Amino acid sequence: GLELSHCVGANSLGPAVPWRSGGPCKMKRVRTVFKPEQLERLEQEFLKQQYMVGTERVDLAATLHLTETQVKVWFQNRRIKWRKQSMEQKAAKLSQFGVIQPATTDSTDIKDHEEDTVDVEL
């Protein structure tokens, strides 16, 4: 299962906080550190397919000496990174062609857009 670190208690920086189970202290999950060989194999599999499910995931986890959950979460996180990179590449291409996409919308952007729109009842 998941590795948990020691309790956060009176001797640490903060007060003890109960965990979901109602225990006397809060347990923090230790972050998985992947070996370079594991990352290389995970990346190879991701290039083939962005979703790893069922027996494929079980087999890959066993091959890499990881839990199925570790492989599942790695793929979830990698898909998020992949989508973010795709969005950044699209934005870069659009800016090359003079089409500027706003990175974020603040209150002035919203006001400008509201003036351009017209409500029509059907």
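Thresholds applied
Residues numbered from 1 in each chain as written. Predicted model: local features only at pLDDT ≥ 70, side-chain atom pairs only at ≥ 80, totals over all residues. Heavy atoms only, no water. Axes fitted to C-alpha atoms, helices over the stretch in contact; angles between N-to-C directions. Helix = DSSP H or I, 4+ residues; strand = E, 2+ residues; numbered from the N terminus. Parallel < 35°, antiparallel > 145°, perpendicular 65-115°, else oblique. Left-handed = near helix turned anticlockwise from the far one by under 90°. Contact = heavy atoms within 4.5 Å. Nonpolar A, V, L, I, M, F, W, Y, C, P; charged D, E, K, R; others polar. Core = buried A, V, L, I, M, F, W, Y, C linked by side-chain atoms within 4.5 Å. Buried < 20%, exposed > 50% of the residue type's maximum accessible area, 1.4 Å probe, protein only.

## Notes on the packing of helix α1 (residues 36-48) against helix α2 (residues 54-64)
Thinking step 1. At their nearest, the axes of α1 and α2 sit 10 Å apart, and the two run at 160° to each other. As summarised for this structure, α1 and α2 are arranged roughly antiparallel, according to the angle between their axes. Note that α1 runs across α2; the crossing there is right-handed. Within the contact between the two elements, α1 uses Q38, R41, L42 and E45 and α2 uses L60, T63 and L64.
Thinking step 2. Residue classes in the contact of α1 with α2 are distributed as 3 nonpolar, 2 polar and 2 charged.

## Remarks on the nonpolar core
Thinking step 1. If you look at the biggest cluster of nonpolar residues, it comprises 10 residues: L42, F46, M52, L60, A61, L64, L66, V71, W74 and F75.
Thinking step 2. Elements represented by at least two residues in this core include exactly α1, α2 and α3 (68-96).
Thinking step 3. Discounting chain neighbours no more than four positions away, the residues touching L64 are Q38, R41 and L42.

Note that all results are geometric; they support no functional claim without further evidence.
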